[in-house]
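Results of the structural survey
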Amino acid sequence: HRLAIDLVFIPYYGEPDQDPKEIRRSKARQGTTRFHCYATAYVIKKHKRVTLALIYVQAGQTLLDVLKRLLVRLQALDVGLRRLYLDRNFYAVEILRFLKGQPFPSVIPAKVHGQRIKRLCQGRKSYRTTYTVQSPQHGGEEVHLWIVCRYAKGKRGKHKVEHLPYVVIGELSCPIPHVRQEHRGRFGVESSYRMMNQARARTTCRDPKYRLLLVGLALTLINIWITLKWSALGVPR
């Protein structure tokens, strides 16, 4: 299956229940920099999207640890990966190096930081190239970079050619511009988070286990709703 993995941050305004690691810091949003953080794995099949795995992410846990835990969970569920889509937050040398050893292809948007990658984002045609991602702690890792060129057409106030670089690990048989459309399917996970927050029960309890339970129940309700629509209301084409 095609799967997406992402993080969701739920704002938290109180003190930790027992351990400071229960709270993960991130960019300020909704008046706080303190969050309860969760990671989910999300299957994309026949234009339907269902959450398969959920884990609680504590402060100090690396994104590589989060990725490995979710992959182990998917393996326990006997879910095979045909393709993995990751958020730009997973664009890191240690994660890219780990994914190179996996049997499935992965797609990650590259961060356009520094002059080296900006020099590659030129021209009016999409193309492939190689690029070495550098890290002070983990050294460098050479990857295949697919640079998609598209016209903004006035979106976000832009009227010029945009360059969207993606790291593609493994064999991917599709035209270069299609990798953007492939990765756009991952954005359904954002919709699942919005629906989860609508269905999630609110609480003042500080226990992270209880809060995890409420998030899991909300995602389960969304899965049931999607399944009911698919089985009872879907019209065969």
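Residues numbered from 1 in each chain as written. Predicted model: local features only at pLDDT ≥ 70, side-chain atom pairs only at ≥ 80, totals over all residues. Heavy atoms only, no water.

**Considerations on the overall build of the chain**
Rules: Numbering of helices and strands runs from the N terminus; a helix is a DSSP stretch of H or I covering at least four residues, while a strand is a stretch of E covering at least two. Between the two quantities, the radius of gyration covers C-alpha atoms and the globule rule is 2.2 Å times the number of residues to the power 0.38. All accessible areas in this document rest on Shrake-Rupley with a 1.4 Å probe, and a residue is counted as covered only by the protein chains that are shown. We count Lys and Arg on the positive side and Asp and Glu on the negative side, and we leave His and both chain ends out. A single reference atom marks each charge: NZ on Lys, CZ on Arg, CG on Asp, CD on Glu.
Along the backbone of the chain there are 6 helices and 9 strands. For 237 residues, the compact-globule formula gives about 18 Å, and the C-alpha radius of gyration of the chain, at 19 Å, lands near that figure. Here the C-alpha coordinates of the chain stretch approximately 55 × 50 × 40 Å along the principal axes. Accessible surface computed for the chain: about 13,600 Å², of which carbon and sulfur atoms make up 52%. Measuring between centres, the 43 positive side-chain charges of the chain sit 10 Å from its 16 negative side-chain charges.

**So, helix α1 (residues 63-76)**
Heads up, the rule is: Any helix carries an expected span of 1.5 Å times its number of residues minus one. Type-normalised accessible area, obtained with a 1.4 Å probe on protein chains alone, sets the label of each residue: buried when under 20%, exposed when over 50%, and partly exposed for intermediate values. It is the directions from the helix axis to the C-beta atoms whose arc is reported. We call two residues in contact when some of their heavy atoms are within 4.5 Å.
If you check α1, its first and last C-alpha atoms are 20 Å apart, about what 14 residues at 1.5 Å a residue would give, namely 20 Å. Of all the positions in α1, only Leu63, Leu64, Val66, Leu67, Leu70, Leu71 and Leu74 are classed as buried. Down the axis of α1, the buried side of the element spans an arc of 160°, and every buried residue falls inside it. In α1, the exposed residues that point more than 90 degrees away from the buried face are Val72, Gln75 and Ala76. Buried residues along α1 sit against β1 (2-11), β2 (24-29), β3 (32-45), β4 (48-57), β5 (83-86) and α2 (93-100). Where α1 terminates, the next one or two residues include Asp78, which has phi positive at roughly 60°.

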